[in-house]
Amino acid sequence: MTMTDQVIDVTDLRRVYEGGPPAPLRRGGGFEAVRGVSFSVGRGELFALLGTNGAGKTSTVELLEGLAAPAGGRVRVLGHDPYAERGAVRHRIGVMLQEGGFPSELTVAETVRMWAGCTSGARPVDEALEIVGLGKRSGVRVKMLSGGEKRRLDLATALIGRPEVLFLDEPTTGLDAEGRRETWELVRALRDNGTTVLLTTHYLEEAENLADRLAILHEGRIAAEGRVADVVAAQPSHVSFELPDGYFVGDLPPLGELGVSEHEVTGGRVRLRTHELQRAATGLLVWARDARVELRGLDVRAASLEEAFLRIAREAEGGGGARGGAEVARKETVA
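Note that the structure is predicted; figures quoted are calculated from it, not measured. (Residues numbered from 1 in each chain as written. Predicted model: local features only at pLDDT ≥ 70, side-chain atom pairs only at ≥ 80, totals over all residues. Heavy atoms only, no water.)

Visitor: Account for the pattern of salt bridges, naming residues and giving values.
Guide: The tally for this structure, following the rule as stated, stands at 28 salt bridges. R92 is the salt-bridge partner of E164, the closest N and O atoms lying 2.7 Å from each other. Separated by 72 residues along the polypeptide, E164 in the loop between α5 (147-159) and β7 (165-169) and R92 in the loop between α2 (86-89) and β6 (93-96) bring together distant segments of the chain. Its relative accessible area of 22% is what places R92 among the partly exposed residues. Residue R289 pairs with D290 through a salt bridge whose shortest N-O separation is 3.1 Å. The two residues R289 and D290 agree in class, both being exposed. Taken together, the shared-partner salt bridges in this structure form one network comprising D12, R14 and E32. (Salt bridge = Lys/Arg side-chain N within 4 Å of Asp/Glu carboxyl O. Helix = DSSP H or I, 4+ residues; strand = E, 2+ residues; numbered from the N terminus. Buried < 20%, exposed > 50% of the residue type's maximum accessible area, 1.4 Å probe, protein only.)

Listed below in structure tokens is the structure:
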């Protein structure tokens, strides 16, 4: 990605709040919520920021939106400092916050019309409402909307100015499955038409379906970054099954020769981890056929973003997280 392609460019970004938890997250007298984050987003790209609660997602996005000055580092949106040069950036971006906070007595149309009056080059109100599926609810007061409909209204106001860059902070919270899918289609269409989108979400399926690239934050730092497929591919796939009666793990083919890196045994169930899923599964099935046994409960599963996210979070905590003896009776690394 060249510098001219970078719509968002973040280098060693830091944000500090007064007070907060004890070390190691304290910096001076404050809580360091963002601790040296760096990434870039290209024009027409959808970039997702993921992380557990308190990871620093919203704190990072607020700096990109120009709502606060960073404690350190550098951020550029459309070539400008979004805080110091807010006038050069604000009319070119759209922001969908976690909560809009609209006046409850206004109707849907009045709310969007009010927003349009504060926006340069605003699209027609009816058009904005149709885009988000609220065209038939234009005369309804905000206080009468469902939670999902309020999120659609948030999105309508974010789109009113035909933004070049769109910040979406948990955009589908409160939506049902159908509403979430419809929002995904809308976001894809915006990206395909050249809008750069930065998304934060707790729905890993959402990131997996939408994002071109992503970063996983943990305690204010980036724990993993890259194309979704690459982040997922870096994590092992899984094969699990019940051992046939009278058989032990040692009776299986040499697991190292099957490309298995780790295995766990809980009771009579075996769980294998591998970066060579086809090789491992094929070897096991050939062995079972030749031994004339059935691998009951066979489950062959490629790595997913959810598994990658959970594993990265455990590793970032330092040492794979806590596992009780009842959960894993034995875990071994295959040499």
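Next comes the rest of the account.
Visitor: How would you summarise the nonpolar core if you had to cite specific residues and measurements?
Guide: The nonpolar side chains of a soluble globular protein tend to be buried, and buried together. Counting 46 residues, the largest nonpolar core has L50, V112, L129, L153, L168, L214 and I216 as its most contacted members. Ranked by residue count, the leading element in this core is α5, at five residues. Those residues in contact with L214 that sit more than four places away from it in its chain are F47, A48, L50, A224, E225, G226, V228, V231 and L305. Counting 28 residues, the second largest nonpolar core, distinct from the first, contains L13, F47, A68 and V95. (Core = buried A, V, L, I, M, F, W, Y, C linked by side-chain atoms within 4.5 Å. Contact = heavy atoms within 4.5 Å.)

Visitor: Give a detailed account of the side chain of E264, specifying residues and quantitative values.
Guide: Take E264: it is sitting in strand β12 (residues 260-266). Of the polar contacts made by the side chain of E264, one reaches the side chain of R273; its length is 2.8 Å. (Polar contact = N/O pair within 3.5 Å; in protein donor to acceptor, adjacent residues only side chain to side chain.)

Visitor: Any details on the sheet that holds strand β4 (residues 46-51)? Residues and values, ideally.
Guide: Pairing in this open sheet of six strands is mixed, and the strands run β6-β7-β8-β4-β9-β10 from one edge to the other. A strand with exactly one partner marks an edge of an open sheet, and here the two such strands are β6 and β10 (221-227). Averaged over all pairs of adjacent strands, the angle between their axes in this sheet comes to 15°, without regard to strand direction. Sheet analysis places strand β9 (residues 213-218) next to β10, joined by six bridges and oriented antiparallel. If you follow L214 over to β10, its bridge partner there is G226. (Pairing = 2+ DSSP bridges. Axes fitted to C-alpha atoms, helices over the stretch in contact; angles between N-to-C directions.)

Distances and angles like these do not, on their own, reveal function.
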